[in-house]
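# Observations on the three-dimensional arrangement
If you want the building blocks of each chain, they are given just below.
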Amino acid sequence: MADVMRDFMARAVLFQDAVARYGGINSTDMQAVGLLMSEGPATPGELAERTGMTAGGAITAVIDRLERAGYVTRQRDGADRRRVIVTAVPETVLAKVGPIYGRIAARWADYLETLSDEQLQFAEELFTRATEINREETQALRGTP
């Protein structure tokens with residue numbers, strides 16, 4: 001089972017890298033966009049925390065590249081003009097990589113249709129726990145709670 005999990009994780013990372021390259025950005029930038037899509041807009045500091053990057057130059061470079069590629073916008077916070085809010089541009093994400101994710105989602109849906117309710121419940125529990133373990137281990141590596 002360990003070999004299967006290791007291969008799955010490696011293939012998932014390689015797939016995400018291929019999607020990012022197809023979309024004209026790098027893997028780190030694609031993950032930042034993904035986090036903005038799933039968790040919502042963020043300040044540069046919040047996005048740095050989500051990605052595990054350092055606030056300042058590193059996250060600014062990511063945001064600059066994403067903005068040039070049309071994946072995100074930066075706007076001043078209406079409540080506090082000193083703050084900048086970074087927001088994903090869903091139309092760009094969908095236009096550039098949506099067809100790829102749509103294709104793989106359709107393939108997964110076809111496969112999942114072949115499973116029983118019990119198998120689906122187990123798979124959901126497995127992936128939920130795998131996500132939690134990965135999150136916890138990532139935080140431990142970064143020294144964050």
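Use the structure listed above.
Report on the accompanying structure. This structure is a prediction, so every number in the text was calculated from the model and none was measured.

The subject of this paragraph is the packing of aromatic side chains. Taken as a whole and assessed by the stated rule, the structure comprises three aromatic pairs. Ring centres of W108 and Y111 lie 6.1 Å apart, and the angle between their planes is 75°; this geometry places the pair in the edge-to-face category. Placement of the pair is W108 and Y111 together in helix α5 (residues 90-112), with a separation of three residues, close to one helical turn.

Grouped together as the largest cluster of nonpolar side chains are 21 residues, with contacts concentrated most on M30, L36, L47, L66, Y71 and V72. Elements with a minimum of two residues in this core: α1 (2-22), α2 (27-39), α3 (44-51), α4 (57-68), β2 (84-88) and α5. Once you skip the residues sitting within four places of it in the chain, L47 turns out to touch A32, L36, A42, I59 and I63.

Assessed through its relative accessible area of 41%, W108 is described here as partly exposed. Between the C-alpha atom of W108 and that of A88, which follows or precedes it by 20 residues, the distance is 25 Å.

Now for the pattern of salt bridges. Inspection of every chain in the model, using the stated rule, returns nine salt bridges. Of the charged contacts, one joins R50 and E39 as a salt bridge, the two residues approaching to 3.4 Å between their closest N and O atoms. Placement of the pair is R50 in helix α3 and E39 in helix α2, with a sequence separation of eleven residues. Taking the relative accessible area as the measure of exposure, R50 reaches 24% and is therefore partly exposed. E67 is the partner of R74 in a salt bridge, and the nearest nitrogen-oxygen pair spans 2.8 Å. Classification of R74 as partly exposed rests on a relative accessible area of 30%. For E67, a relative accessible area of 33% gives the class partly exposed. Sharing partners across several salt bridges, the network here consists of D64, E67 and R74.

Criteria and cut-off values
Residues numbered from 1 in each chain as written. Predicted model: local features only at pLDDT ≥ 70, side-chain atom pairs only at ≥ 80, totals over all residues. Heavy atoms only, no water. Phe/Tyr/Trp six-rings, centres within 6.5 Å; stacked < 30°, edge-to-face > 60°. Helix = DSSP H or I, 4+ residues; strand = E, 2+ residues; numbered from the N terminus. Core = buried A, V, L, I, M, F, W, Y, C linked by side-chain atoms within 4.5 Å. Buried < 20%, exposed > 50% of the residue type's maximum accessible area, 1.4 Å probe, protein only. Contact = heavy atoms within 4.5 Å. Salt bridge = Lys/Arg side-chain N within 4 Å of Asp/Glu carboxyl O.

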